[in-house]
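# Observations on chain architecture
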Amino acid sequence: SIQVDAGERIGITGPNGAGKSTLLRLLLGRQQPDEGRASLGANVAIGEIDQVRAEFSGPGRLVDRFEPRMPSWSTADVRTLLAKFGLRADHVERAVDELSPGERTRAGLALLQAGGTNVLVLDEPTNHLDIEAIEWLESFLLKRRGSLLFITHDRALTHRLATRILELDRGGLSSWACDYATFLRRREAQLESEGKQDRQFDDRL
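Residues numbered from 1 in each chain as written. Predicted model: local features only at pLDDT ≥ 70, side-chain atom pairs only at ≥ 80, totals over all residues. Heavy atoms only, no water.

A few words now on the side chain of Thr 152. Counting through the fold element by element, Thr 152 comes out in the loop between β4 (147–151) and α7 (155–161). Using a relative accessible area of 14% as the deciding quantity, one classes Thr 152 as buried. Among the polar contacts made by the side chain of Thr 152, one reaches the main-chain amide nitrogen of Asp 154 at a distance of 2.9 Å. If we skip the residues at most four places from it in the chain, Thr 152 touches Glu 124, Pro 125, Thr 126, Leu 157 and Thr 158. (Helix = DSSP H or I, 4+ residues; strand = E, 2+ residues; numbered from the N terminus. Buried < 20%, exposed > 50% of the residue type's maximum accessible area, 1.4 Å probe, protein only. Polar contact = N/O pair within 3.5 Å; in protein donor to acceptor, adjacent residues only side chain to side chain. Contact = heavy atoms within 4.5 Å.)

For any pair of aromatic rings, the description rests on two quantities: the centre-to-centre distance and the angle between the ring planes. The full count for this structure, using the stated rule, is six aromatic pairs. Look at Trp 176 and Phe 183: their rings are 5.3 Å apart centre to centre, the planes differ by 75 degrees, and that puts the pair in the edge-to-face class. Since its relative accessible area comes to 12%, Trp 176 is described here as buried. Through successive ring pairs, a cluster of aromatic residues spans Phe 85, Trp 136 and Phe 140. (Phe/Tyr/Trp six-rings, centres within 6.5 Å; stacked < 30°, edge-to-face > 60°.)

Sheet topology places strand β5 (residues 164–169) next to strand β6 (residues 172–176); five bridges connect them, and they run antiparallel. Note that in β6 the partner of Glu 167 across the bridge is Ser 174. In this antiparallel pair of consecutive strands, β5 and β6, the connection spans two residues, and Arg 170 shows a positive phi of 55 degrees. (Pairing = 2+ DSSP bridges.)

The next subject is the pattern of salt bridges. In the structure shown here, the tally under the stated rule is twelve salt bridges. A salt bridge links Glu 167 to Arg 187, with the nearest nitrogen and oxygen atoms 2.5 Å apart. Placement of the pair is Glu 167 in strand β5 and Arg 187 in helix α8 (residues 180–204), with a sequence separation of 20 residues. Taking the relative accessible area as the measure of exposure, Glu 167 reaches 9% and is therefore buried. A salt bridge links Asp 169 to Arg 170, with the nearest nitrogen and oxygen atoms 3.4 Å apart. On the basis of relative accessible area, Asp 169 is assigned to the partly exposed category, the value being 23%. The class of Arg 170 is exposed, set by a relative accessible area of 63%. Here the salt bridges share partners, and the residues they tie into one network are Arg 61, Asp 64, Arg 79 and Glu 93. (Salt bridge = Lys/Arg side-chain N within 4 Å of Asp/Glu carboxyl O.)

Here the focus is the sheet that holds strand β3 (residues 119–123). Either a parallel or an antiparallel arrangement is found when strands of a sheet pair, and the pairing is made through backbone hydrogen bonds. Strand order across the open sheet formed by six strands is β2-β3-β4-β1-β5-β6, with mixed pairing between neighbours. A single partner strand is all that each edge strand has here, and the edge strands are β2 (46–48) and β6. The mean inter-strand angle of the sheet, taken between neighbouring strand axes irrespective of direction, is 20 degrees. Pairing between strand β1 (residues 9–13) and β5: four bridges, direction parallel. When the sheet's bridge partners are listed, Ile 10 is paired in β5 with Arg 164. (Axes fitted to C-alpha atoms, helices over the stretch in contact; angles between N-to-C directions.)

A separate point is unusual backbone geometry. Residues other than glycine seldom take positive phi values, yet Glu 124 does so here, at roughly 55 degrees. Along the polypeptide, Glu 124 turns up in the loop between β3 and α6 (131–143). Positive phi, close to 55 degrees, is recorded for Arg 170, a residue that is not glycine. As for its placement among the helices and strands, Arg 170 is situated in the loop between β5 and β6.

Pasting the structure below:
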């Protein structure tokens, strides 16, 4: 049983095939659990960057992609929002299929923020991003209010972002209320202790 509290930045770790992406799908309501339940608290607005980033592909201007989602917003409002995410006037008029992966990520985050998202879910958010885009994303996430759940193979990003670690391993889920560096130290100590216990048991056989 786990609970995500407001403001937490949770890194989800574990070997490939352990169920990390499945856990996110359960939280997003895309998959039903075999047992138990997954539920959102009152006033929770959850957003997934992969889903919105996919909206910024194909022909058409960037600014036009915002109108269906925010019909009450003027073009000036959209321009102001995008400027806060480092997307200038030339980006706004550009066809979305000409945007870089980093620029599409910024546009997706702008769209989620405009929609009032307070829980953000990221699955490998730095894939296809250059160093500058990764640094921008890291800075944005550190300053952003709200909760964050993320999966990444970028250990440096996990080191800097995570305030809590969820570990999926050997069919179980463990919650570590610490940053990633502390998790690694405690995990190593735990494995060493388990190894000693196994050796002591073997000696008794």
